[in-house]
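An overview of the molecular structure
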Amino acid sequence: MKGPADGIPRIRPATAPVGRQTERALLMEALARLKGGVPGIVFISGDPGVGKTFLVQHISEMARQMGCTYGAGKFWPYSHNKPFAALFGSLREAAGGGDGASAPLSFQSDPGPKHGDFFPENPSGGPGPSGEDSPDMATGKLQLAVKSAVLRLARPEHPLVLFLDDLQWADRSTLFCLADLASDRDIPHLLVLGAFRSQELAEDHPLLEARARMLEKGARITQIILPRLSFPETLKLVSDISSVPESQVLPLAESVYTHTGGNPLFIHQYLLAGEEKETLSRNPRTGAWALASLTDPEREPSLAAYLEEKILKLPERSRAALLSCSCAGPNFPLSTAARLLSVSKAQVEKDLEPAVEKGLLRRDVRATGGGSAFYAFSHDRVLQVAHGLLDPSLARSGHLLLATDLDHRLSG
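Residues numbered from 1 in each chain as written. Predicted model: local features only at pLDDT ≥ 70, side-chain atom pairs only at ≥ 80, totals over all residues. Heavy atoms only, no water.

**Details of the packing of aromatic side chains**
How two aromatic rings sit relative to each other is set out by the distance from centre to centre and by the angle between their planes. Basically, it comes down to this: Pairing of aromatic side chains here covers Phe, Tyr and the six-membered ring of Trp, requires ring centres within 6.5 Å, and sorts the geometry by plane angle: under 30 degrees stacked, over 60 edge-to-face, intermediate tilted.
Applying the stated criterion to the full structure yields five aromatic pairs. Three or more aromatic residues joined by ring pairs make a cluster, and in this case those are Phe 332, Tyr 375 and Phe 377.

The structure is reproduced here in structure tokens:
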């Protein structure tokens, strides 16, 4: 690939949400009400990749600057047998116990010794150590534990903001617990932000029933529907992520908008594909950049197809490592990857480096755990596509290994 010295734009992540002024204003109004002692819940819906999570992450920084306590949790399609896991993850992060938004489900049920007084030892909804609790009794205890934790964290001087992502995969117990929290007059310093994919909600989805329950109890609900970007907004985003003035990326933005329909994640991946395939070209007379089509214009573009192609083009060892690590959830420590792959940590870093370079994974070093390395899938669609490509037998063995490790941690 040509280097930066050749003058070709280098694609990078967006620095801030583009074209979301109305939605940001609604979220800021909800934060202002919260600071005044008025609780509420904000639902944010839209297509996959439209920027729901990115928008909330941007707002979370403002919430912290306003003195709010913030925590995030995320649901996954395989989490229905883990009631309250995402909710406890968000509370754990708010209490200072780590990132609950993307911690693997396999480890979300372990509250850790520092914060064990906030959370029960068994957030799976099953019976306690005595084996005597019925499922209903266990759920009731969990709901009381949630309310207790929220009351301790949501204070007038530091209101609590909880973000729960991908509510379309949430379990019924968690959703009804949220409905009760959002309408509880004893908790005036709580704001819940919930994101979901509206097209994945069936008519009988429990989220709709939970929302009706909130309305009956008088909860203040704000609904935000996040649309795809318009062409002018796409032009701004292309300019931002390519670091090239808008006047020089107009033809490029036109091509991108035609093939992506204004989906921000799709836009980023499409430009990355153009960068990798070296199909970006510059008009020597006008200085404007353009991109040769990467798809058949008669075919509907598919983000999943782009990501699948990208994963399959990785070197064999890197591809196998990436697929196996999808068993660990949205993010995972280096040590977990080494266990899954049965190789050294140094070999894991070497194997996963191509996936990092292609923007499929992010790597960071956290202050906790002695500065240990963590990896995170760049988006949940990347994780879903990777897990879908993994051989089912390897997926079963990977999940079994993680479950066995968790069992040893809890019993030890």
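**With respect to the state of the cysteines**
Our working definition: The criterion for a disulfide is a pair of cysteine sulfur atoms lying within 2.5 Å.
For the coordinates displayed, the defined rule picks out zero disulfides. Here Cys 327 is not cross-linked by a disulfide; its sulfur's nearest cysteine counterpart is in Cys 325, at 8.5 Å.

**With respect to the nonpolar core**
The line we're drawing: Side-chain atoms within 4.5 Å link the members of a nonpolar core, which is a set of buried Ala, Val, Leu, Ile, Met, Phe, Trp, Tyr and Cys residues. Note on exposure labels: buried denotes an accessible area under 20% of the residue type's maximum, exposed denotes more than 50%, and partly exposed covers the range between, all computed with a 1.4 Å probe on protein chains only. Starting at the N terminus, helices and strands are each numbered in turn, a helix being any DSSP run of H or I of at least four residues and a strand any DSSP run of E of at least two. Only heavy atoms enter the contact rule, under which two residues are in contact if any of them lie within 4.5 Å.
Judged by nonpolar contacts, the single largest core of 38 residues is most densely connected at Leu 91, Val 146, Val 150, Leu 160 and Leu 167. Of all the secondary structure elements, the ones that give two or more residues to this core are strand E1 (40–45), helix H3 (85–94), helix H5 (135–153), strand E3 (160–165), helix H6 (172–182), strand E4 (190–196) and helix H7 (206–216). It is H6 that contributes the most residues to this core, seven residues altogether. Setting aside anything within four residues of it in sequence, one finds Val 146 in contact with Phe 84, Leu 87, Phe 88, Leu 91, Cys 177 and Leu 181.

**Quick notes on the packing of helix H12 (residues 316–325) against helix H14 (residues 345–357)**
Basically, it comes down to this: Lines fitted to C-alpha atoms define the axes here, with helix axes fitted over just the stretch in contact, and angles between the N-to-C directions of these axes take values from 0 to 180 degrees. Each angle is binned into one of four classes, with values under 35 degrees roughly parallel, values over 145 roughly antiparallel, values of 65 to 115 roughly perpendicular, and all other values oblique. As a working rule, the residues Ala, Val, Leu, Ile, Met, Phe, Trp, Tyr, Cys and Pro are called nonpolar, Asp, Glu, Lys and Arg charged, and the rest polar, with Gly in that last group.
Two numbers describe how H12 lies on H14: the axes approach to 8 Å, and their chain directions differ by 95°. Regarding the angle of H12 to H14, the classification is roughly perpendicular. Of the residues in H14, those touching H12 at Arg 317, Ser 318, Ala 321, Leu 322 and Cys 325 are Gln 347, Asp 351, Leu 352, Pro 354 and Ala 355. When the residues that make up the contact of H12 with H14 are grouped by side-chain class, the tally is six nonpolar, two polar and two charged.

**A short note on unusual backbone geometry**
Non-glycine residue Asp 166 carries a positive phi angle of around 60°. With respect to the helices, strands and loops of the structure, Asp 166 is situated in the loop between E3 and H6. You can call Asp 166 buried: its relative accessible area is 2%. In this model, Ser 342 sits at a positive phi of 55°, which is unusual for a non-glycine residue.

**Let's talk about helix H8 (residues 231–242)**
Just so we agree on the cut-off: How far a helix is expected to stretch is found by multiplying one less than its residue total by 1.5 Å.
An ideal rise of 1.5 Å per residue puts 16 Å on twelve residues; H8 measures up with 16 Å between its terminal C-alpha atoms. Within H8, burial applies to Thr 234, Leu 235, Leu 237, Val 238, Ser 239, Asp 240, Ile 241 and Ser 242. Tucked inside the fold, the buried residues of H8 contact helix H9 (250–260) and helix H10 (264–276).

**Re the pairing of strand E5 (residues 221–225)**
Put simply, the rule reads: Note: two strands are recorded as paired if DSSP finds a minimum of 2 bridges between them.
In E5, alternate side chains face the same way, and those of Thr 222 and Ile 224 are buried while those of Ile 221, Gln 223 and Ile 225 on the opposite face are not. Where E1 meets E5, five bridges bridge the pair, whose relative direction is parallel. When the sheet's bridge partners are listed, Ile 44 is paired in E5 with Ile 224.

**Notes on H9**
Under the convention used in this document: This arc describes the spread of directions from the helix axis toward the C-beta atoms.
Within H9, the full set of buried residues consists of Leu 252, Ala 253, Ser 255, Val 256, His 259 and Thr 260. The buried residues of H9 occupy one face: seen down the axis, they fall within an arc of 160°. A positive phi of about 65° marks Gly 261, the residue just after H9.

**Some words on the side chain of His 205**
The criterion, for reference: Distance and chemistry together define a polar contact, namely a pair of N or O atoms within 3.5 Å, with one atom able to donate a hydrogen and the other to accept it when in protein, and with adjacent residues in sequence counting only for side-chain atoms on both sides.
Locating His 205 in the fold gives a position in the loop between E4 and H7. Engagement of the side chain of His 205 in a polar contact is seen with the backbone oxygen of Gln 168, the distance being 2.9 Å. A distance of 2.9 Å separates a polar side-chain atom of His 205 from the backbone nitrogen of Leu 207. Ignoring sequence-local partners within four residues, the contact set of His 205 consists of Leu 167, Gln 168, Leu 175 and Glu 200.

**A closer look at the environment of Leu 402**
Mapping Leu 402 onto the fold places it in helix H16 (residues 392–411). Taking the relative accessible area as the measure of exposure, Leu 402 reaches 2% and is therefore buried. When the C-alpha positions of Leu 402 and Ala 328 are compared, they lie 7.4 Å apart, and in sequence the two are 74 residues distant.

**What about the sheet that holds strand E2 (residues 69–74)?**
Spatial ordering of the open sheet is given by E2-E3-E4-E1-E5, a layout of five strands whose pairing is parallel. With partners counted over all chains shown, the strands left at the sheet margins are E2 and E5, one partner each. Neighbour to neighbour, the strand axes of the sheet diverge by 15° on average, direction disregarded. Two elements, E1 and E4, share six bridges in a ladder whose sense is parallel. Across the sheet, residue Ile 44 finds its bridge partner in E4, namely Ala 195.

From the geometry alone we can't say anything about function, so treat these as descriptive.
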